[in-house]
Amino acid sequence: MAGVKGRVVVITGAGGGLGRQHAKLFAQQGARVVVNDLGGNRDGSGFGSDMADAVVSEITDAGGEAVANYDDVSTVDGGQRAVAAALDAFGQVDIVVNNAGILRDKSFHKMTPEQWDAVLKVHLYGAFNVTRAAWPHLRAQQFGRVVVTTSTSGLFGNFGQANYGAAKMGMVGLINTLAVEGARFNITANAVAPLADTRMTADVIPDDARMDLDPAYASPIVVHLCSEECTDTGVITLASGGHYARIAYMQAVGVQFDHVPSVEEIGVAWDEIMDLTDSAMGRNPLA
Ligand code: NAI
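Residues numbered from 1 in each chain as written. Predicted model: local features only at pLDDT ≥ 70, side-chain atom pairs only at ≥ 80, totals over all residues. Heavy atoms only, no water.

Undergrad: Tell me what's going on with the pattern of salt bridges, and back it up with residues and numbers.
TA: If you walk through the whole model with that rule in mind, you get six salt bridges. Between Arg-7 and Asp-94 there is a salt bridge; the shortest N-O distance is 3.7 Å. Of this pair, Arg-7 sits in the segment before strand E1 (8-11) while Asp-94 is found in the loop between helix H3 (76-90) and strand E4 (95-98), placing the two residues 87 residues apart along the sequence. Here the two residues Arg-7 and Asp-94 agree in accessibility, since each one is buried. Salt-bridge contacts for Asp-71 lead to Arg-81; the nearest nitrogen and oxygen are separated by 2.7 Å. With Asp-71 in the loop between strand E3 (65-69) and H3 and Arg-81 in helix H3, this residue pair connects regions lying ten residues apart in the sequence. Among the residues examined, Asp-71 registers a relative accessible area of 14% and is labelled buried. On the basis of relative accessibility, which here comes to 43%, the residue Arg-81 falls in the partly exposed class. Sharing partners across several salt bridges, the network here consists of Arg-7, Asp-94 and Glu-228. (Salt bridge = Lys/Arg side-chain N within 4 Å of Asp/Glu carboxyl O. Helix = DSSP H or I, 4+ residues; strand = E, 2+ residues; numbered from the N terminus. Buried < 20%, exposed > 50% of the residue type's maximum accessible area, 1.4 Å probe, protein only.)

Rendered as structure tokens:
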């Protein structure tokens, strides 16, 4: 099995939490790793090189290959430098795991444009910036794996996370199109929605659930999605502790009118439009 052996992976936000676990597992599996992390606080403030350096040391001490990169992925230049770090150190880039993230939770009626922007910048623009920098290389070599880290907060909604949820769903929209555009270049793009005990969830996970939500649980599915053998694309998977499951959008059988219906006719048909019995995976009718 080729797996990810010899591949070069850029993992954003890999200085702690989930990203650190991903980095260690990729390295154990024989990949060469760029550990990107700007070393800030949970809300995105601050900067430091210690977090990324510590993960690189863990990997190299264990006999793996890794280099640190401290760039801010929310900027175009930062995304380019994170990928340049892979090219400089290892001469190629094969895999991008977009994992960097921050929180600025507020109920919607109190959310400021600054809180909205800050969260979209790191998650959604971050994924764009790093993936965009890697994309020409993935296309040219006819191989690439892109993973984004989405969230059930975006997929299903969560109080106080309009900014975060919008960013996380934006990333799903991103991989949906990357899956289409990457197909003929052997590039896949998938999303993982983890649930893990990290500093990000420190105040929301009950103490008795922590043991079961070790962030290490999320890494095997990320590595699998990036392996040569896995050619699935445009897929969303839950990785909630040890529970792994596909998440998909379903389209109901619905109702077909042969004329522009009146508002009243929509009202009459409403239950049938809503009914998910016999629903199937949704798809773009124009694709
Ligand atoms: P974390 O806070 O430990 O990790 C996020 C990392 O991203 C930090 O090390 C941080 O320094 C880094 N980072 C933040 N902004 C950055 C930037 N602009 N450039 C480079 N690095 C930056 O939190 P955790 O839980 O490990 O989160 C990882 C990802 O998983 C995030 O995208 C998060 O939204 C997502 N996620 C986590 C869940 C959980 O249960 N822990 C649930 C759903 C999604």
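Undergrad: Tell me about the environment of Val-93, residues and numbers included.
TA: Counting through the fold element by element, Val-93 comes out in the loop between H3 and E4. With a relative accessible area of 0%, Val-93 lands in the buried category. Between the C-alpha atom of Val-93 and that of Trp-135, which follows or precedes it by 42 residues, the distance is 9.3 Å.

Undergrad: Hey, could you go over the pairing of E4 for me, with residue numbers and the actual values?
TA: Residues Ile-95 and Val-97 line one face of E4 and the alternating positions Val-96 and Asn-98 line the opposite face, and both faces are buried. Examined bridge by bridge, E1 and E4 share three bridges and lie parallel to one another. Note that in E4 the partner of Val-9 across the bridge is Ile-95. By the bridge criterion, four bridges tie E4 to strand E5 (residues 144-149) in an arrangement that is parallel. (Pairing = 2+ DSSP bridges.)

Undergrad: Could you give an account of the domain arrangement of the protein, with specific residues and numbers?
TA: Accessible area lost during the coming together of the parts is what is often quoted as the interface size. Splitting the protein by domain gives domain 1 (8-247) and domain 2 (249-287). Once you take the C-alpha centre of each, domain 1 and domain 2 turn out to be 35 Å apart. (Domains from an automatic or database assignment.)

Undergrad: Describe the sheet that holds strand E6 (residues 187-195), with residues and values.
TA: Strands sit in the order E3-E2-E1-E4-E5-E6-E7-E8 across an open sheet of eight strands; the sheet is mixed. The open sheet terminates on both sides in strands that have one partner only, identified here as E3 and strand E8 (243-247). The average undirected angle you get between the axes of adjacent strands in this sheet is 20°. Those strands touched by helix H2 (residues 50-61) are strand E2 (32-36) and E3, and its axis lies near 175° from that of E3. Here H3 sits on the sheet and contacts E1, E2 and E3; the angle it forms with E3, its principal contact strand, is near 145°. (Axes fitted to C-alpha atoms, helices over the stretch in contact; angles between N-to-C directions. Contact = heavy atoms within 4.5 Å.)

Undergrad: An account of the side chain of Ser-227 is needed here, citing residue identities and associated values.
TA: Note on placement: Ser-227 falls in the loop between helix H7 (219-225) and strand E7 (236-240). The class for Ser-227 is buried, based on a relative accessible area of 5%. A polar side-chain atom of Ser-227 sits 3.3 Å from the main-chain amide nitrogen of Cys-230. When neighbours within four sequence positions are excluded, Ser-227 is seen to be in contact with Gly-3, Val-4 and Arg-145. (Polar contact = N/O pair within 3.5 Å; in protein donor to acceptor, adjacent residues only side chain to side chain.)

Undergrad: Break down a nonpolar patch on the surface for me, with residues and values.
TA: Together, Met-250, Leu-276 and Met-281 make up an exposed nonpolar region whose accessible area comes to about 300 Å². Summarising the element assignment, Met-250 is placed in strand E9 (residues 250-251). (Patch = residues over 30% accessible without salt bridge, like charges linked within 9 Å, V, L, I, M, F, W, Y side chains within 5 Å. Areas by Shrake-Rupley, 256 points an atom, 1.4 Å probe, with all protein chains shown as cover.)

Undergrad: An account of the site of the ligand is needed here, citing residue identities and associated values.
TA: Neighbouring the ligand are 31 residues; Asp-37, Asp-72, Tyr-164, Ala-196 and Thr-198 lie closest to it. Take Asp-37: an N or O atom from its side chain is 2.5 Å from an oxygen atom of the ligand. Within the contact set of the ligand, an oxygen atom lies 2.8 Å away from a side-chain nitrogen or oxygen of Arg-199. Protein chains bury 98% of the 820 Å² of accessible surface belonging to the ligand in isolation. The set of elements that each furnish at least two residues to the shell around the ligand consists of helix H1 (17-28), helix H4 (113-141), helix H6 (162-182) and E6. A class-by-class count of the residues in the shell around the ligand yields twelve nonpolar, 14 polar and five charged. (Near = heavy atom within 4 Å. Nonpolar A, V, L, I, M, F, W, Y, C, P; charged D, E, K, R; others polar.)

Undergrad: Report on the nonpolar core, specifying residues and quantitative values.
TA: Val-10 and Val-146 are the most contacted members of the largest nonpolar core, which has 42 residues in total. For this core, the elements supplying multiple residues, two or more each, are E1, H3, H4, E5, H6, E6 and E7. By size, the runner-up hydrophobic cluster in this structure holds 30 residues, among which are Val-33, Ile-221, Val-223 and Ala-239. (Core = buried A, V, L, I, M, F, W, Y, C linked by side-chain atoms within 4.5 Å.)

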